[in-house]
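# Chain and residue survey
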Number of protein chains: 2
Amino acid sequence: MNEVTIGICGLGTVGGGVLEVLSRNADLITERSHTPLRVVHVSTRYERKDLEAGGITVSRDYRDVIADPGVQILIEAYGGTDHAGDIVRAAIRAGKQVVTANKALIAEQGNELFALAAEHGVSLRFEAAVAGGIPVIKALREGLAANRIEWLAGIINGTGNFILSEMRDRKRQFADVLAEAQALGYAEADPTFDIEGIDAAHKLTIMAAIAFGMPLRFDAVYTEGISTLTPEDLAYADELGYCIKHLGMARQGEQGVELRVHPTLLPMDLLLANVNGVKNAILVEGDAVGPTLYYGAGAGGSATASAVVADSIDLARQLSANQGCTVPPLGVTPAAVRDLPILPMGEVKTAWYLRLTAKDEPGVMSQVSSILGAQGISIEALIQKAAKGGAKQVPVVVITNIASQSNLDRAVASIEALDVIVAPVTRIRVETLDGQDG
Amino acid sequence: MNEVTIGICGLGTVGGGVLEVLSRNADLITERSHTPLRVVHVSTRYERKDLEAGGITVSRDYRDVIADPGVQILIEAYGGTDHAGDIVRAAIRAGKQVVTANKALIAEQGNELFALAAEHGVSLRFEAAVAGGIPVIKALREGLAANRIEWLAGIINGTGNFILSEMRDRKRQFADVLAEAQALGYAEADPTFDIEGIDAAHKLTIMAAIAFGMPLRFDAVYTEGISTLTPEDLAYADELGYCIKHLGMARQGEQGVELRVHPTLLPMDLLLANVNGVKNAILVEGDAVGPTLYYGAGAGGSATASAVVADSIDLARQLSANQGCTVPPLGVTPAAVRDLPILPMGEVKTAWYLRLTAKDEPGVMSQVSSILGAQGISIEALIQKAAKGGAKQVPVVVITNIASQSNLDRAVASIEALDVIVAPVTRIRVETLDGQDG
Ligand SMILES: NC(=O)c1ccc[n+]([C@@H]2O[C@H](COP(=O)([O-])OP(=O)(O)OC[C@H]3O[C@@H](n4cnc5c(N)ncnc54)[C@H](OP(=O)(O)O)[C@@H]3O)[C@@H](O)[C@H]2O)c1
Ligand SMILES: NC(=O)c1ccc[n+]([C@@H]2O[C@H](COP(=O)([O-])OP(=O)(O)OC[C@H]3O[C@@H](n4cnc5c(N)ncnc54)[C@H](OP(=O)(O)O)[C@@H]3O)[C@@H](O)[C@H]2O)c1
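Anyway, here's the lowdown on the structure attached to this text. (Residues numbered from 1 in each chain as written. Chains lettered and ligands numbered in written order. Predicted model: local features only at pLDDT ≥ 70, side-chain atom pairs only at ≥ 80, totals over all residues. Heavy atoms only, no water.)

### Concerning the site of ligand 1
Residues and elements named next belong to chain A. Defined as follows: The criterion for a residue being near a molecule or strand is simple. One of its heavy atoms has to lie within 4 Å of it. In protein, a polar contact means a hydrogen-donor-capable atom and an acceptor-capable atom, both N or O and within 3.5 Å, with residues adjacent in sequence counting only if both atoms are side-chain atoms; elsewhere, any N or O pair within 3.5 Å suffices. Accessible areas in this description were obtained via Shrake-Rupley with a 1.4 Å probe; residue shielding takes into account the shown protein chains only. Under this grouping Gly is polar, as are all residues other than the nonpolar Ala, Val, Leu, Ile, Met, Phe, Trp, Tyr, Cys and Pro and the charged Asp, Glu, Lys and Arg.
L11, V14, T44, R45 and G300 are the nearest of the 19 residues found near ligand 1. Separating an oxygen atom of ligand 1 from a backbone N or O atom of V14 is a distance of 2.8 Å. The contact in question runs from an oxygen atom of ligand 1 to an N or O atom on the backbone of G300, over 2.7 Å. Here ligand 1 loses 73% of its free accessible area of 880 Å² to cover by the protein chains. For the shell around ligand 1, a count of residues per class yields 8 nonpolar, 9 polar and 2 charged.

This is the structure we're talking about:
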């Protein structure tokens with residue numbers, strides 16, 4: 001097979017994101033799938049001469065995409081449960097592999113849809129339906145497959161988590177933050193699904209079914225929203241050492257399964273309690289592995305596309321597999337493994353923590369900072385303490401801006417040569433890992 | 001195919017854990033693999049009449065396991081690179097699928113071993129080699145396959161992280177904590193691999209190769225250990241808002257790839273900075289998904305077995321697949337999906353946060369606590385403040401012990417009926433998610 005062909009119904013946030021990721025990372029994806037993934041047909045209400053120019057058929061009607069015998073994988077990116085259900089059912093009946101990000105559809109109609117897919121010998125994949133780009137469905141279904149899952153707890157609605165984070169950090173009222181979230185595009189014009197926990201209940205339904213091997217039971221999820229929470233409750237919780245999160249909990253107990261979405265106080269020392277803003281995280285307790293946690297962006301066109309495309313790559317790997325060996329050891333086909341140049345350590349740039357031991361004399365800092373300055377290094381933070389109990393030496397601690405190791409090495413050599421410096425300089429790299437909360 | 005057969009070489013911590021998990025969760029694993037996974041042959045230095053009684057062939061010599069034509073999947077659980085290399089090579093040549101947890105072997109000989117496996121048309125799988133039970137290899141190779149990975153940063157040696165956590169929290173010296181870690185069994189008698197960063201470099205080598213599609217370059221990893229860190233540096237870092245972690249960093253920059261393991265200051269508000277004790281976590285930055293993080297147990301027989309068995313289930317799913325549909329939608333074969341009973345909310349037990357609005361009169365708390373007591377509910381924490389500026393009402397905030405919702409409902413109804421209570425009671429569930437740091 002020399003390519004795998006894709007059709008996309010709906011080019012909104014997710015459909016557009018998928019197009020973008022497939023095109024930007026086309027080479028990489030080919031190396032990872034054994035085969036190119038090519039979008040051949042899309043449906044949208046808009047004219048897209050740019051896509052047509054690239055050889056993609058653009059239809060107004062999603063039925064044309066489904067009817068196209070040249071489409072192997074159909075991506076449903078319509079949303080809702082009406083049209084989307086029709087699209088998925090028709091695509092399965094047409095013998096296509098189907099990928100969706102639609103949690104409402106899977107949670108509410110999944111039992112029926114999976115049966116239909118099995119009947120037609122195709123896969124219906126939905127990694128993006130839960131926690132956007134975080135591969136938690138794969139973790140539950142494959143990575144943790146050796147475990148009896150005892151419970152899972154997730155912050156699985158970014159809008160709700162953003163609202164609670166703002167209410168706590170800035171002592172703002174719910175309605176006030178909701179209005180801002182709407183303005184920022186985090187919350188829909190009708191925010192009910194987010195703030196009443198329905199969206200979280202959809203996702204919890206899906207995770208619980210996989211974790212416990214039970215049918216999708218959206219009807220059985222107890223759901224409480226966050227609209228009645230007040231900044232006072234968040235502040236009292238804080239005073240007691242807790243953070244309030246809108247949590248989805250699923251637990252497999254002896255008497256039955258618990259399925260519930262509600263505001264929850266979590267002890268502040270848990271990682272989950274420290275997941276802030278629009279981010280999602282899911283903590284899963286397995287009997288063999290113990291607790292594992294998965295964190296990342298739960299929404300956004302690009303993050304969601306990451307999961308939709310991962311599902312498509314999985315399918316492509318299977319469709320093009322030889323001998324059942326679908327995933328190459330290093331993720332790309334052996335021929336695509338490339339000897340990349342390694343950056344010499346001297347050229348690696350980080351910020352630095354430096355601890356100097358100096359004589360307790362005036363002027364130390366001006367000598368040190370002029371040596372650093374000569375290498376283009378500036379001081380971002382500083383601790384300098386008075387000598388204690390008549391000590392003749394004082395510690396000086398500095399955090400620098402980002403500098404290459406070579407420049408730092410030169411500066412440190414000069415600093416150590418100063419008369420006022422009486423011991424070797426301790427140097428530790430500093431990383432801010434920008435982006436975690438971005 | 002009605003079963004997939006497994007041979008295990010070495011029944012130490014990992015091999016023993018695999019036997020245990022495969023036997024304890026046998027039914028579940030059968031439902032997830034389409035087929036039973038049966039251990040048919042093991043090698044160990046010890047007599048194991050118990051295993052023989054269960055129909056397992058027990059050999060002294062690992063070569064007997066490899067020579068057994070009845071073994072389809074061979075698990076190398078020997079460790080080291082000498083015998084382990086021989087075992088893996090011989091098993092591949094014998095046409096077996098191979099699973100290992102051996103990071104040293106993969107990092108140092110993986111390029112050659114993967115080529116050999118490809119030549120013989122078998123898979124060599126190694127999820128357990130990085131971060132024990134956390135499915136991060138799967139995340140990199142499959143879940144994030146749509147992304148160009150820009151960098152990853154990991155706390156990937158539990159022993160080292162335990163030592164740093166202890167040094168910081170209890171202001172202890174390195175050598176002191178190391179001795180304790182050895183006594184607790186976290187660190188080997190020869191702790192060099194852990195504290196000098198060699199073990200972390202092995203794991204970083206493997207992750208970087210997958211993330212960037214490059215060969216395994218253990219030789220190119222810059223490595224700095226943690227033995228020179230002092231409690232003073234940890235304290236100064238803390239004062240500046242940082243935590244020192246032994247970090248593995250891999251970054252794909254324009255000038256080349258950075259591969260380095262060294263102590264690193266991380267801002268305290270990053271989740272990674274809050275990963276304490278023997279736990280592992282890896283933060284991965286992908287161009288589509290942004291940052292995602294994977295957290296859990298990086299070692300231990302049972303957690304590592306979770307990953308070894310997951311690899312075996314993946315293989316079994318492939319070996320027994322029909323029509324390329326290897327992973328069922330809900331993780332278990334459709335016939336195994338079971339309608340589980342749902343626990344009614346009244347019977348769900350959690351701790352509770354209650355906020356009462358009471359008249360500013362004496363005796364409120366004794367009435368409240370006797371009502372709670374009558375339902376078997378006790379008070380674990382309490383905030384009671386004096387009325388401000390002549391207010392006639394005071395808030396009373398309580399955290400209870402674990403109680404069912406029915407009991408709590410009854411207590412709240414009685415509390416709301418009290419004369420001294422002037423507004424509806426606010427009630428929010430509390431979860432401690434025990435086990436995260438266990
Ligand atoms: N957005 C996220 O961050 C996110 C994250 C996870 C999961 N999801 C799920 O992904 C799915 C799609 O979400 P989205 O955010 O991409 O929605 P969206 O931006 O509203 O895009 C849906 C697109 O489908 C087409 N469409 C939908 N209804 C239509 C109708 N009645 N008639 C004609 N065209 C129609 C339109 O395509 P054209 O504009 O091309 O005509 C529309 O732009 C939903 O199930 C959602 O729950 C979204
Ligand atoms: N332990 C962990 O938490 C962990 C986590 C991740 C990865 N790993 C990796 O998993 C592998 C195994 O580690 P482990 O902790 O299970 O090691 P281990 O407890 O030392 O077990 C290895 C077993 O292999 C057999 N063996 C090894 N060398 C032998 C020799 N020269 N002669 C005879 N038998 C020999 C022995 O089996 P018998 O006792 O049955 O004779 C021994 O108990 C290593 O590559 C390690 O890096 C371990």
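### Considerations on the packing of aromatic side chains
Residue and element names in this part refer to chain B. Convention followed: In this analysis, rings of Phe, Tyr and Trp, with Trp reduced to its six-membered ring, are considered paired at centre separations within 6.5 Å, and the interplanar angle assigns stacked below 30 degrees, edge-to-face beyond 60, and tilted for intermediate values. Secondary structure elements follow DSSP: runs of H or I no shorter than four residues count as helices, runs of E no shorter than two count as strands, and numbering proceeds from the N terminus. Counted as over-ring charges are cases with an Arg CZ or a Lys NZ within 6 Å of the ring centre that also lie within 35 degrees of the ring normal.
One pass over the structure, following the stated rule, counts 5 aromatic pairs over all chains. Between Y62 and Y78, the ring centres sit 5.4 Å apart and the planes meet at 80 degrees, which makes this aromatic pair edge-to-face. Of this pair, Y62 sits in helix α4 (residues 62-67) while Y78 sits in the loop between β4 (73-76) and α5 (82-93), and the two are 16 residues apart along the sequence. Ring geometry for F114 versus F126: centroids 5.4 Å apart, planes at 35 degrees, classification tilted. One end of the pair, F114, is in helix α6 (residues 103-119); the other, F126, is in the loop between β6 (124-125) and α7 (136-143), and 12 residues separate them in sequence. The cationic tip of R63 hangs over the ring face of Y62; the distance from NZ or CZ to the ring centre is 5.6 Å.

### Some remarks on the packing of helix α2 (residues 26-33) of chain B against helix α13 (residues 301-319) of chain B
Residues and elements named next belong to chain B. Threshold: In this analysis an axis means a line fitted to C-alpha atoms, helices contributing only their contacting stretch, and an angle means the value between N-to-C directions, from 0 to 180 degrees. Note on terminology: angles under 35 degrees are roughly parallel, angles over 145 are roughly antiparallel, angles of 65 to 115 are roughly perpendicular, and the others are oblique. A contact between two residues is defined here by any heavy atoms of the two lying within 4.5 Å.
Two elements in contact, α2 and α13, have axes whose closest approach is 9 Å; the angle formed by their N-to-C orientations is 40 degrees. In this view, α2 runs oblique relative to α13, as classed from their interaxial angle. Note on element contacts: α13 touches α2 through V309, I313, A316 and R317, opposite I29, R32 and S33. In terms of residue class, the contact of α2 with α13 is made up of 4 nonpolar, 1 polar and 2 charged.

### Some thoughts on unusual backbone geometry
Residues and elements named next belong to chain B. Note the cut-off: Buried means the residue's accessible area, taken with a 1.4 Å probe over protein chains only, is under 20% of the maximum for its type, while exposed means over 50%, and partly exposed covers the values in between.
The phi angle at H34 is positive, at roughly 75 degrees, despite the residue not being glycine. Here H34 shows up in the loop between α2 and β2 (37-43). One non-glycine residue, A131, lies in the positive phi region at around 60 degrees. Mapped onto the secondary structure, A131 falls in the loop between β6 and α7. Taking the relative accessible area as the measure of exposure, A131 reaches 0% and is therefore buried.

### Section: the nonpolar core
What counts is decided by this rule: The set of buried Ala, Val, Leu, Ile, Met, Phe, Trp, Tyr and Cys residues whose side-chain atoms join them within 4.5 Å is what this entry labels a nonpolar core.
Counting residues in each nonpolar core, the largest one holds 122 residues, and the members touching the most others are I206 of chain A together with I206 of chain B. Discounting chain neighbours no more than four positions away, the residues touching I206 of chain A are K103, I106, A107, F126, A129, V130, I137 and L216 of chain A.

### A short note on the site of ligand 2
Residue and element names in this part refer to chain B. Contacts to ligand 2 come from 19 residues, most closely from L11, V14, T44, R45 and G300. Take T44: an N or O atom from its side chain is 2.6 Å from an oxygen atom of ligand 2. One nitrogen or oxygen atom from the side chain of R45 is found 2.8 Å from an oxygen atom belonging to ligand 2. Look at ligand 2: alone it shows 870 Å² of surface, and the protein chains cover 73% of it. Among the residues forming the shell around ligand 2, the class breakdown is 8 nonpolar, 9 polar and 2 charged.

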